[in-house]
Amino acid sequence: MIKLIKIDEDSRVPKYKQIVDSILQNIANGNLKINQKIPSINSFSEEFYMSRDTVEKAYNILKERKIISSIRGKGYYITRTKLESKVNILFLTNKLSSYKMKTYSSFINTLGANAHVDLQIYHCDETLFLNILDKFEGAYDYYVITTHFKTEELKHLSFTDEVVSAIRNIPEDKLVVLDNIKLGTGGDVIKIYQDFENDIYNALKEGLSKVTKYKRLILVYPDKAVYPYPRRILHGFRKFCVEHEINFEILGEVYDDMILKKGDLFITIEESDLVNLMKQIRDEEFVLGKDIGVISYNDTPLKELLGITVMSTDFNVMGETAARMILNKEKGQVKVPFNFIDRNSI
């Protein structure tokens, strides 16, 4: 089997990627069969005069893609040979919220049987994000990524210099960026983005006639959240209030036993704040949508069921658009719709 592997010493392609590509090519050509044993890491490194680390990195990529598997004391074996009909995609997102999962579900449903998708979560942790990209470098046909990070003070960051550098190692024709278009990437990158500042500004403007019926507009922006939110939301909110001369306040959370007054209109972002606020409105016997108004950020089925007015990105469209552009080999950037959905809570 070792004679089937081709390594070009003069190529600028990393050796580990040449190993991966050569094994995949031999599988596609029928030279390697399922359950066929392949050389050990030591044998491979000795035959081609390369380090164990290089061969091990290639084998780890193949193991992650379920192409090969290892059996203790026996060696490595081919475990998957149906490669050519599937597009292999890494979907790398910052958290598993209900709306992130809505994007992911619509993405894989649109792809159907045409792709194999691996989901990885990095929890807004820059180090984990960088480690995942390094681990899976060269392993996938497409990398679908969102970039939301947090500082030690739990402030939101869209990216850092290290993140930008790592992303630029991904070929542009294999990169799909969700949410953020300010990474400095080129025209061959697929970008499906939200415009956080203008989205909230335009949505509130759409609901202006109802918003102005209230005496004070209060944004509950969680500034110490485990998964921080873009501060551009704050900028758009302030811009709207100042331009329309609306009395406003920004709170870090919905406090227990908070002072509620008739004429307050709240905008909540976190689910926990919405639940706490709704409980206090009920306990103090205010009439929702009349005495006190509530708008929630990002729609969920439960908010629809409860009749909560929302401002929300269409996360189904985000996932569907990303999948369609991959399948059709399209390039460019697409702004995702952000809707003001008026229900019974204002």
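Residues numbered from 1 in each chain as written. Predicted model: local features only at pLDDT ≥ 70, side-chain atom pairs only at ≥ 80, totals over all residues. Heavy atoms only, no water.

### Brief notes about unusual backbone geometry
As a reminder, the rule being used: In this text, helices come from DSSP runs of H or I with a minimum length of four residues, and strands from runs of E with a minimum of two, each type numbered from the N-terminal end.
At Tyr49, a position not held by glycine, the phi torsion is positive, near 55°. Here Tyr49 shows up in the loop between helix H2 (41-48) and helix H3 (52-64). Despite not being glycine, Cys124 has its phi angle at roughly 60°, a positive value. Mapped onto the secondary structure, Cys124 falls in the loop between strand E5 (115-121) and helix H5 (126-135).

### Examining the pairing of strand E2 (residues 68-71)
Short version of the rule: Paired strands, as defined in this entry, are two strands with at least two bridges between them according to DSSP.
Pairing between E2 and strand E3 (residues 75-78): 4 bridges, direction antiparallel. From the neighbouring strand, Ile71 faces E3, where its bridge partner is Gly75. Hairpin geometry of E2 and E3 is characterised by an intervening segment of 3 residues between the two adjacent antiparallel strands and by a positive phi of about 85° at Gly73.

### Some details on the UniProt feature "domain: HTH gntR-type" (unreviewed entry) in the protein chain
To keep things clear, this is the line we draw: UniProt positions are given in the numbering used here, feature names are shortened, and annotations may be inferred rather than shown by experiment.
The UniProt feature table records "domain: HTH gntR-type" (unreviewed entry) at residues 13-81. Each end of residues 13-81 is marked by a C-alpha atom, and these two atoms are 24 Å apart; helix forms 51% of the span and strand 14%.

### A short note on the packing of helix H1 (residues 15-28) against H3
Threshold: Fitted lines through C-alpha atoms serve as axes, helices being fitted only where they are in contact, and the angles separating the N-to-C directions of these axes extend from 0 to 180 degrees. Orientation labels follow simple angle bins: below 35 degrees gives roughly parallel, above 145 gives roughly antiparallel, 65 to 115 gives roughly perpendicular, and whatever is left gives oblique. Should the near helix be turned counterclockwise from the far one by less than a right angle, the crossing is left-handed, whereas a clockwise turn marks it as right-handed. In what follows, a contact means two residues having at least one pair of non-hydrogen atoms within 4.5 Å. Polarity classes work like this: nonpolar for Ala, Val, Leu, Ile, Met, Phe, Trp, Tyr, Cys and Pro, charged for Asp, Glu, Lys and Arg, and polar for all others, with Gly in that last group.
The N-to-C vectors of H1 and H3 enclose an angle of 45°; their axes lie 8 Å apart at closest approach. What the angle tells us is that H1 and H3 run oblique. For H1 against H3, the interelement crossing comes out right-handed. The segment H1 lies against H3, with Lys15, Tyr16, Ile19, Val20, Ile23 and Leu24 engaging Thr54, Val55, Lys57, Ala58, Tyr59, Ile61 and Leu62. Of the residues in the contact of H1 with H3, the class split is 10 nonpolar, 1 polar and 2 charged.

### Some words on the pattern of salt bridges
This is how the line gets drawn: We define a salt bridge as a contact between a side-chain nitrogen of Lys or Arg and a carboxyl oxygen of Asp or Glu at a distance within 4 Å. Burial status follows relative accessibility: with a 1.4 Å probe on protein chains alone, a residue under 20% of its type maximum counts as buried, one over 50% as exposed, and anything between as partly exposed.
All chains considered together, the criterion is met by 13 salt bridges. Between Glu137 and Lys57 there is a salt bridge, and its shortest N-O distance comes to 3.9 Å. Here Glu137, found in the loop between H5 and strand E6 (142-146), pairs with Lys57, found in helix H3; they are 80 residues apart in sequence, far enough to count as distant. Judged by its relative accessible area of 29%, Glu137 is partly exposed.

### Some remarks on the side chain of Asp118
Defined as follows: Counting rule applied: Lys, Arg positive; Asp, Glu negative; His and chain ends not counted. Counting of polar contacts relies on pairs of N or O atoms within 3.5 Å, with two restrictions inside protein: one atom must be capable of donating a hydrogen and the other of accepting it, and residues adjacent in sequence are counted only when both atoms are side-chain atoms.
By secondary structure assignment, the location of Asp118 is in strand E5. For the buried Asp118, no salt bridge exists, and the shortest N-O distance to an oppositely charged side chain is 5.7 Å, to Lys66. Of the polar contacts made by the side chain of Asp118, one reaches the side chain of His116; its length is 3.0 Å.

### Let's talk about H1
Put simply, the test is: Helices are assigned an expected span. That span is 1.5 Å times one less than the residue count.
The terminal C-alpha atoms of H1, which comprises 14 residues, lie 20 Å apart, in line with the 20 Å expected from a rise of 1.5 Å per residue. Residues Tyr16, Gln18, Ile19, Val20, Ser22, Ile23, Leu24, Asn26 and Ile27 constitute the buried set of H1. Those residues of H1 hidden inside the fold are in contact with H2, H3 and E3. Looking one or two places after H1, you find Gly30, whose phi comes out positive at around 85°.

### A closer look at the sheet that holds strand E11 (residues 216-220)
By way of backbone hydrogen bonds, the strands of a sheet pair with one another, either parallel or antiparallel. Pairing in this open sheet of 6 strands is mixed, and the strands run E12-E11-E13-E14-E15-E17 from one edge to the other. Edge positions in the sheet fall to strand E12 (248-251) and strand E17 (338-341), since each has one partner strand and no second. Shown here is a sheet whose adjacent strand axes are inclined to one another by a mean of 15°, direction ignored. In the sheet, strand E14 (residues 293-297) pairs with strand E15 (residues 309-313) via 3 bridges, with the strands oriented parallel. Looking at E15, one finds that Ser296 is bridged to Val310.

### Quick word on the nonpolar core
As a reminder, the rule being used: Throughout this description, the term nonpolar core refers to a set of buried Ala, Val, Leu, Ile, Met, Phe, Trp, Tyr and Cys residues connected via side-chain atoms within 4.5 Å.
Counting 42 residues, the largest nonpolar core has Ile19, Ile23, Tyr59, Ile68, Phe129 and Leu133 as its most contacted members. Among the elements that take part in this core, H1 stands out by supplying 6 residues, more than any other. Excluding residues within four positions of it along the chain, Tyr59 makes contact with Ile23, Ile38, Pro39, Ser40, Ile41, Phe44, Ile68 and Tyr76. By size, the runner-up hydrophobic cluster in this structure holds 28 residues, among which are Leu204, Ile233, Ile295 and Ile346.

### Brief notes about the packing of aromatic side chains
Filter applied, for reference: The criterion for an aromatic pair is that two Phe, Tyr or Trp rings (for Trp, the six-membered ring) have centres within 6.5 Å, with stacked assigned to planes under 30 degrees apart, edge-to-face to planes over 60 apart and tilted to the rest.
As enumerated under the stated definition, the model contains 14 aromatic pairs in all. For the ring pair Phe237 and Phe248, a centre distance of 5.7 Å and an interplane angle of 85° mean the geometry is edge-to-face. Of this pair, Phe237 sits in helix H9 (residues 232-243) while Phe248 sits in strand E12, and the two are 11 residues apart along the sequence. Here Phe237 falls in the buried class, since its relative accessible area comes to 0%. According to the relative accessible area criterion, Phe248 is partly exposed, its value standing at 30%. An aromatic cluster is present here, built from Phe44, Phe48, Tyr59 and Tyr76 joined pairwise through their rings.

### Here's the deal with a nonpolar patch on the surface
What counts here: What makes a patch is a set of residues exposed beyond 30% relative accessible area and free of salt bridges, joined within 9 Å when like-charged and within 5 Å when nonpolar (Val, Leu, Ile, Met, Phe, Trp, Tyr). Working definition of accessibility: Shrake-Rupley area with a 1.4 Å probe, residue cover restricted to the visible protein chains.
On the surface, a nonpolar cluster with roughly 350 Å² of combined accessible area is contributed by Leu302, Leu305 and Leu306. Note that Leu305 resides in helix H11 (residues 301-306).

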